Amino acid sequence: RKRREGGFYIKFYLPKTPKGKVGIILGIFSENEAEHKKIKNDLILRVQEDIEAAGFGDIARVIVMPNHISKNIQSPMVVRKMNKKARGNFWIWGYTRTRNGKTYIDLEGLVAHRPVDKSTSIDLGRDFRSALPKRFEFDEAASFKASEMAGDMIVKVAQYIIGIAAYISGVPNFAIQLHTALARNINAMSPIPPNLITIQKKIPTLISNEYLAIAIVLAEEGKTNEAEEWLAKAQDFKADNYGVWLLKAMLEFSIRNNASESLKHIEVAEKYAGSHFEWKYSKAFLLLWLGRYNEALAICRKIARQDFPGEGKTIEAVELFNQQMISSGRARPETYFWLGYLNYKKKANLALGLQHFEDFAKRATPAMAPLIAKASPYIDEIKREIGVE
């Protein structure tokens with residue numbers, strides 16, 4: 001779109017992010033275009049060079065809004081409106097001005113086009129804004145140095161956010177590459193800018209989770225040795241990573257058939273669980289397997305009373321694992337009790353719960369008296385509810 005101004009046509013065409021690329025859009029307005037053109041050019045050049053050096057030049061594009069368009073970028077609402085056409089992922093806008101021999105660059109930032117789900121995007125946006133410096137102030141003679149500092153900061157923040165998006169999108173190798181290089185660069189800074197300290201603290205957990213994601217895929221593919229190598233790397237970055245201990249427990253049981261050692265790993269995971277509750281399912285299963293029935297039943301009662309976000313996926317995974325135990329011939333009578341309990345108490349699948357409890361009753365031994373004492377009334381209850389004699 002164009003409008004006539006002073007005998008000239010001013011273009012209002014919005015540059016767009018190329019399809020399939022991550023767009024970093026800069027919309028920095030200059031009061032005096034001639035005076036500040038060099039500052040903007042230096043800043044853009046620095047961002048582009050640092051993107052290449054950081055290793056994501058192939059996926060990221062720096063889009064520069066013309067000065068007359070940048071003038072209108074004054075709020076997140078304007079950014080979101082413009083972004084319908086510009087298709088950027090990250091916007092950085094603001095203005096440069098000179099007062100009393102000093103030049104200022106004021107910046108604001110927004111994660112505009114969500115690369116991830118909404119709730120995660122809110123967290124990313126918060127990190128993006130908090131890590132991006134709000135103002136750079138410098139003498140006019142040091143304009144290149146200031147642009148260099150601003151460019152470095154922009155790229156570090158973008159590197160952090162793009163790495164998270166890569167991890168969540170299922171590309172953990174690329175996320176590790178970005179975050180490892182970023183950690184190295186931040187740690188080499190002296191002093192570390194206050195706005196980067198939060199990112200510095202979060203990176204070890206991110207890298208640990210990224211190594212863990214690769215270990216999980218390798219474990220699912222049956223590449224146990226490789227999975228354990230990546231798991232060790234994940235543990236090196238964060239020894240109290242809850243997910244690391246869950247996977248260690250699973251491998252210990254599945255590969256080495258060592259339920260006692262697996263339970264020890266689950267008890268470590270329990271210490272680091274915070275608001276996570278998946279460990280309870282593993283602990284109940286292992287206690288049943290080890291014949292510690294009263295302890296197992298106590299955990300089962302807690303599981304029946306408690307719900308947590310994403311629990312459906314946990315139950316699905318637990319059920320699949322136990323069904324595979326049956327198919328492979330590794331199942332014990334306790335396996336059927338556990339499946340019956342899950343279907344009756346958590347899934348409300350009465351018919352399947354009944355089937356599993358009856359399968360347990362056929363296979364149970366006198367040593368399993370605590371489980372028999374629970375299964376028998378469950379069978380009667382289910383039969384009454386579904387009208388079976």
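Residues numbered from 1 in each chain as written. Predicted model: local features only at pLDDT ≥ 70, side-chain atom pairs only at ≥ 80, totals over all residues. Heavy atoms only, no water.

Caption draft 1: Geometry of the pairing of strand S5 (residues 90-99). Across the 10 residues of S5, 8 count as buried, placing the element largely inside the fold. Where strand S3 (residues 22-30) and S5 come together, 7 bridges link them in parallel fashion. Opposite Ile-24, over in S5, you have Phe-90 as the bridge partner. Two strands pair when backbone bridges link them, and S5 and strand S6 (residues 102-111) are joined in this way by 10 bridges, in the antiparallel orientation. Looking across to S6, one finds that Arg-99 is bridged to Lys-102. Counting the residues in the hairpin turn of S5 and S6 gives 2 residues, including Asn-100, whose phi is positive at 50 degrees. (Buried < 20%, exposed > 50% of the residue type's maximum accessible area, 1.4 Å probe, protein only. Helix = DSSP H or I, 4+ residues; strand = E, 2+ residues; numbered from the N terminus. Pairing = 2+ DSSP bridges.)

Caption draft 2: Representation of the packing of helix H9 (residues 242-256) against helix H10 (residues 259-271) within the structure. As a packed pair, H9 and H10 sit with axes 8 Å apart at the nearest point and diverge in direction by 170 degrees. For the element pair H9 / H10, the angle class is roughly antiparallel. Facing H9, whose interface residues are Tyr-242, Trp-245, Leu-246, Lys-248, Ala-249, Met-250, Glu-252 and Phe-253, H10 presents Ala-259, Glu-261, Ser-262, His-265, Ile-266, Val-268 and Ala-269. Its residues placed into classes, the contact of H9 with H10 shows 10 nonpolar, 2 polar and 3 charged. (Axes fitted to C-alpha atoms, helices over the stretch in contact; angles between N-to-C directions. Parallel < 35°, antiparallel > 145°, perpendicular 65-115°, else oblique. Contact = heavy atoms within 4.5 Å. Nonpolar A, V, L, I, M, F, W, Y, C, P; charged D, E, K, R; others polar.)

Caption draft 3: Representation of unusual backbone geometry. Of the consecutive residues Ser-190 and Pro-191, the connecting peptide bond is found in the cis state with omega at -5 degrees. Relative to the helices and strands, Pro-191 resides in the loop between helix H6 (172-187) and helix H7 (194-220). One non-glycine residue with positive phi stands out, namely Arg-87, at about 55 degrees. Summarising the element assignment, Arg-87 is placed in the loop between helix H3 (76-86) and S5. When its relative accessible area of 41% is taken as the criterion, Arg-87 is described as partly exposed.

Caption draft 4: Layout of the confidence of the model for the protein chain. Of the residues in the protein chain, 88% have a pLDDT of 70 or more, and the chain-wide mean is 85. The model gives residues 1-11 a pLDDT under 50, and that stretch makes 16 contacts with residues more than four places away or in other chains. (pLDDT = per-residue confidence, 0-100.)

Caption draft 5: View of a positive patch on the surface. Residues Lys-16, Lys-19, Lys-85 and Arg-87 make up a contiguous surface patch of positive charge. A relative accessible area of 80% places Lys-19 in the exposed class. (Patch = residues over 30% accessible without salt bridge, like charges linked within 9 Å, V, L, I, M, F, W, Y side chains within 5 Å. Areas by Shrake-Rupley, 256 points an atom, 1.4 Å probe, with all protein chains shown as cover. Salt bridge = Lys/Arg side-chain N within 4 Å of Asp/Glu carboxyl O. Lys, Arg positive; Asp, Glu negative; His and termini not counted. Charge placed at Lys NZ, Arg CZ, Asp CG, Glu CD.)

Caption draft 6: Structural detail: the packing of helix H11 (residues 278-289) against helix H12 (residues 293-305). Where H11 contacts H12, the axes come no closer than 8 Å and their chain directions differ by 155 degrees. Compared by their axis directions, H11 and H12 come out roughly antiparallel. Viewed along their axes, H11 and H12 form a crossing whose handedness is left-handed. Contacts between H11 and H12 involve Lys-280, Tyr-281, Lys-283, Ala-284, Leu-287 and Leu-288 from the former and Tyr-293, Glu-295, Ala-296, Ile-299, Cys-300, Lys-302 and Ile-303 from the latter. Considered class by class, the residues forming the contact of H11 with H12 number 9 nonpolar, no polar and 4 charged. (Left-handed = near helix turned anticlockwise from the far one by under 90°.)

Caption draft 7: Structural context of H7. The end-to-end C-alpha separation of H7 is 41 Å, in line with the 39 Å expected for 27 residues at 1.5 Å each. Maximum bend of H7: about 35 degrees, positioned at Lys-202, with proline Pro-204 one to four residues after it. The positive-phi residue at the C-terminal boundary of H7 is Gly-222, with phi of around 80 degrees. (Expected span 1.5 Å × (residues − 1). Bend = angle between axes of the 7 residues up to and from the residue.)

Caption draft 8: Looking closely at the pattern of salt bridges. Following the criterion strictly, the structure yields 12 salt bridges and no others. Across the pair Lys-264 and Glu-261 runs a salt bridge whose closest N-O atoms are separated by 3.7 Å. With Lys-264 and Glu-261 both in helix H10 and 3 residues apart, this pair spans about one turn of that helix. The residue Glu-311 makes a salt bridge to Lys-346 at a minimum N-O spacing of 3.1 Å. With Glu-311 in helix H13 (residues 311-328) and Lys-346 in helix H14 (residues 333-346), this pair connects stretches of sequence that are 35 residues apart. On the basis of relative accessibility, which here comes to 17%, the residue Lys-346 falls in the buried class. Look at the salt bridges and you will find they share partners, linking Glu-228, Glu-252 and Arg-256 into a network.

Caption draft 9: Fine view of H13. In this model H13 runs 26 Å from its N-terminal to its C-terminal C-alpha over 18 residues, within 8% of the 26 Å that 1.5 Å per residue would give. Buried positions along H13 lie against H9, H11, H12, H14 and helix H15 (350-363). Trailing H13 by a residue or two, Gly-329 shows a phi angle of about 85 degrees, which is positive.

Caption draft 10: Up close: the packing of aromatic side chains. Taken as a whole and judged by the stated rule, the model has 16 aromatic pairs. With 6.1 Å between their ring centres and 55 degrees between their planes, Phe-253 and Phe-321 make a pair best called tilted. One end of the pair, Phe-253, is in helix H9; the other, Phe-321, is in helix H13, with 68 residues separating them in the sequence. According to the relative accessible area criterion, Phe-253 is buried, its value standing at 2%. Classification of Phe-321 by relative accessible area gives partly exposed; the value is 25%. (Phe/Tyr/Trp six-rings, centres within 6.5 Å; stacked < 30°, edge-to-face > 60°.)

Caption draft 11: Representation of the environment of Ala-367. Tracing the sequence through the fold places Ala-367 in the loop between H15 and helix H16 (369-386). Overall, the relative accessible area of 61% leaves Ala-367 in the exposed class. Separated by 76 residues in sequence, Ala-367 and Gly-291 place their C-alpha atoms 8.6 Å apart.

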